[in-house]
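# A structural walkthrough
Read off the chains here:
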Amino acid sequence: MAREIVGNAGEVDDATWQRALDARWTDTELAELFAPRGGEPVHQQPYARTNLDIPAARGLGSGLTGGSVAMAEPTDVVVIGMGPGGEALAGQLAEAGLSVVGIEEKLLGGECPYWGCVPTKMMIRAGDLLAEARRVPGMAGGSSVHPNWSPVARRIREEATDDWNDQVAVDRFVGKGGRFVRGHGRLVGPGRVAVDGEEFQARRGIVIAAGTEPAVPPIPGLADLPYWTNREAVETTEAPESLCVIGGGAVGLELAQVFARFGTQVTVMEVADRLLPMEEPEASEVVTRVLAEEGLTMRIGARVERVDHDDAGFAVDLGHELVRAQRLLVATGRRADLHRLGVETVGLDPNARFIHTDEHLRAAPGVWAIGDITGKGEFTHVATYQAPIAARDILGRPGPGAEYHALPRVTFTDPEVGAVGLTEAQARERGIRVRVGLTQVPSSARGWIHKAGNHGVIKLVEDADAGVLVGATSVGPWGGEVLSALVVAVHARVPTDRLRHMMYAYPTFHRAIEDALHHLG
Ligand SMILES: Cc1cc2nc3c(=O)[nH]c(=O)nc-3n(C[C@H](O)[C@H](O)[C@H](O)COP(=O)(O)OP(=O)(O)OC[C@H]3O[C@@H](n4cnc5c(N)ncnc54)[C@H](O)[C@@H]3O)c2cc1C
Ligand SMILES: NC(=O)c1ccc[n+]([C@@H]2O[C@H](COP(=O)([O-])OP(=O)(O)OC[C@H]3O[C@@H](n4cnc5c(N)ncnc54)[C@H](O)[C@@H]3O)[C@@H](O)[C@H]2O)c1
């Protein structure tokens with residue numbers, strides 16, 4: 001198949017292009033391949049659109065004629081931040097034959113493998129095992145459970161994080177042809193990135209994949225205290241005797257339940273009027289009930305007025321109540337720091353919360369952004385979904401843009417809270433004529449059979465005019481897995497009438513979706 005012809009271009013077939021990429025031809029060689037030949041038309045290079053967009057590549061405002069860039073090292077692409085998004089994208093571009101510099105100031109892999117998804121899910125797996133063992137009496141005989149944090153801490157060190165060493169990931173990236181630079185990357189102008197005294201000149205583009213950091217609220221007394229964020233919680237070698245958790249979102253609740261299952265006295269303080277305030281109220285209700293049954297203390301609508309710390313631990317002042325705990329976990333969301341990245345030098349607003357991107361993840365001429373920093377959803381699957389879309393765009397290859405109407409998310413409490421698309425409230429705010437279908441998991445066949453630990457609910461949100469689901473929630477055992485059917489339905493806009501007239505295997509947890517569909521009204 002011939003490539004797109006622009007102006008008076010000739011033809012280069014896909015096989016030749018792929019050979020060029022596979023052989024990592026230099027820019028000069030590539031330029032020769034695409035150069036006008038004897039009156040023949042000129043092909044647009046697959047990457048040319050983005051290349052020409054970069055003022056630096058045109059010598060505009062980049063100092064191409066100035067002194068500083070004489071020392072700048074040319075490369076095709078610079079990726080700032082090598083978390084799940086940056087690592088995936090940089091690897092894809094390097095494998096496609098571009099010269100790629102990947103810059104990372106901490107560990108190549110980012111938050112997810114070292115302090116986020118992976119180690120916390122190992123902690124959750126351990127906590128879930130304890131909970132299941134405690135469910136044996138009355139169902140399958142007797143059990144005696146003796147929690148011990150040591151194997152969890154060991155597994156995090158040995159299996160998940162290599163003791164927070166990223167050599168394997170660095171080798172993997174370098175093996176793909178990438179160049180890894182450890183340090184703090186900062187934009188210093190169009191096409192230009194400085195790293196601790198070195199400077200790179202990106203011919204094709206810069207990708208900002210710098211993720212987010214824990215956001216710590218300005219609570220009096222808190223700033224200089226030895227509180228935990230998710231990082232210290234993951235690194236701990238013992239479960240504390242008592243733990244105060246500020247923030248009842250995903251981080252706070254996942255970790256609160258784990259530590260409670262290991263014997264920690266846990267108090268969760270949430271400023272909103274319910275836990276998991278971004279999800280459906282029915283989900284909050286189930287999770288709150290389960291956590292209370294497991295012995296956690298919840299303070300909902302709690303305003304932390306002050307925090308102090310002494311040899312005995314932390315004292316958290318709620319105005320009418322002082323809560324003491326050995327450890328304090330701050331889990332109040334995350335923030336991007338655009339000032340530290342120098343985004344103003346490429347025309348972006350450093351005071352913005354996130355970097356605004358179009359459907360191809362373009363943020364400014366010659367600048368792409370992916371992952372948490374785009375504000376589309378702070379999840380690894382968002383970053384790794386966006387990475388190939390941006391990579392395609394940088395390579396000038398066609399492909400669909402990003403869509404977010406079926407954004408899935410799972411909070412891995414027990415029961416898991418899976419959700420996709422809009423909540424009922426969000427759908428109503430958008431003026432959608434909504435019908436809602438609800439069913440309780442314990443009253444489904446499988447939920448009833450399962451018995452101990454069967455809490456859950458399925459909620460569907462339908463756009464009644466369009467006859468499609470625009471959102472859904474699946475709370476329950478393996479609620480995140482049950483969610484998959486609902487993600488397909490919302491993503492592909494499958495008519496609810498079709499969903500109502502299909503078969504659901506008996507007796508599965510996902511079969512409760514059929515019941516919820518019949519309750520739409
Ligand atoms: C406790 C916890 C549990 C989570 N669990 C899940 C889960 O189960 N499922 C899920 O989907 N998501 C989960 N997440 C979210 C997930 O970790 C993030 O969405 C994901 O890591 C975002 O990827 P990213 O590439 O955008 O950014 P990050 O992972 O934040 O990586 C960005 C990288 O950029 C580096 N960096 C930043 N600025 C610079 C700079 N100027 N120069 C050089 N390097 C820089 C940082 O050091 C970092 O390594 C969890 C998060 C937390 C905190
Ligand atoms: N399973 C997963 O996919 C998973 C797990 C953990 C984290 N994450 C991602 O990481 C992001 C950050 O998680 P998070 O839980 O820190 O943030 P979050 O935004 O999900 O929850 C923070 C909670 O803290 C509350 N809060 C804020 N300030 C407060 C204060 N001063 N006092 C009391 N409560 C306060 C908020 O109302 C909110 O409920 C999430 O948005 C999520 O996308 C995902």
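All figures in this text were calculated on a predicted structure; none of them were measured in a lab. Once a new chain begins, its residue numbering starts again from 1 and follows that chain's sequence as written. Ligands are numbered from 1 and chains lettered from A, in the order in which they are written. Per-residue local features of the predicted model are confined to residues with pLDDT of at least 70, and side-chain atom pairs are confined, for both listing and counting, to 80 or more; whole-chain, interface and lining totals are unaffected and use all residues.

Moving on: the site of ligand 1. Here, nearness means that the C-beta atom of a residue, built from backbone geometry, sits within 6 Å of the molecule or strand in question. Taken together, the neighbourhood of ligand 1 is formed by 36 residues, with Gly81, Gly83, Gly110, Gly211 and Gly371 sitting nearest. Runs of H or I in DSSP of at least four residues are treated as helices and runs of E of at least two as strands, each being numbered from the N terminus. Within the residue set of the shell around ligand 1, elements represented by two or more residues are helix H4 (84-95), strand S2 (100-104), helix H5 (111-115), helix H6 (117-134) and helix H12 (380-395). Ten residue types, Ala, Val, Leu, Ile, Met, Phe, Trp, Tyr, Cys and Pro, are classed as nonpolar, four, Asp, Glu, Lys and Arg, as charged, and the remainder, Gly among them, as polar. In terms of residue class, the shell around ligand 1 is built from 13 nonpolar, 15 polar and eight charged.

Here the focus is the sheet that holds strand S18 (residues 408-411). We call two strands paired when DSSP finds no fewer than two bridges between them. The sheet built from five strands is open, its strands ordered S18-S19-S22-S21-S20 with antiparallel pairing. Edge positions in the sheet fall to S18 and strand S20 (434-440), since each of these pairs with one other strand and no more. Within this sheet the neighbouring strands show an average axis-to-axis angle of 10 degrees, counted without direction. To get an axis, fit a line to the C-alpha atoms, keeping to the stretch in contact for a helix; angles then go from 0 to 180 degrees between the N-to-C directions.

Each residue is classified by how many other C-beta atoms fall within 10 Å of its C-beta atom, where C-beta atoms are placed from the backbone; a count of 20 or more means buried, 12 or fewer means exposed, and values in between mean partly exposed. Of all five residues in strand S8 (residues 242-246), four are buried, a share of seventy percent or more. As judged from the five bridges shared by S8 and strand S9 (residues 265-270), these two strands associate in the parallel manner. Across the sheet, residue Leu243 finds its bridge partner in S9, namely Val266. Handedness of a crossover: with both strands directed away from the viewer, a clockwise path from the first strand across the helix to the second marks it as right-handed. As a crossover connection, the stretch from S8 through helix H10 (residues 250-261) into S9 is right-handed. Where S8 lies against strand S14 (residues 327-330), four bridges are found, and the strand directions are parallel. Bridging from a neighbouring strand, Cys244 pairs with Leu328 of S14.

Remark: H6 packs on helix H7 (residues 150-160), axes separated minimally by 10 Å, with the N-to-C direction vectors making an angle of 145 degrees. Considering only the axes of H6 and H7, their crossing is right-handed. Contact with H6, carried on its side by Val118, Pro119, Met122, Met123 and Ala126, involves Val152, Arg155, Ile156 and Ala160 of H7 and no other residues of that element. Within the contact of H6 with H7, the residues separate by chemical class into eight nonpolar, no polar and one charged. Crossings are assigned a handedness: left-handed for a near helix turned anticlockwise from the far helix by less than a right angle, right-handed for a clockwise turn. Each residue is represented by a C-beta atom placed from its backbone, and any two residues with such atoms within 7 Å are regarded as in contact.

A helix is expected to span 1.5 Å multiplied by its residue count minus one. In a regular helix each residue adds 1.5 Å, so 12 residues correspond to 16 Å; H10 covers 17 Å between its end C-alpha atoms and thus fits that length. Of all 12 residues in H10, 12 are buried; the element is thus mostly enclosed. Buried residues of H10: Ala250, Val251, Gly252, Leu253, Glu254, Leu255, Ala256, Gln257, Val258, Phe259, Ala260 and Arg261, and no others. Taken from the residues just after H10, Gly263 is the one with a positive phi, measuring 100 degrees.

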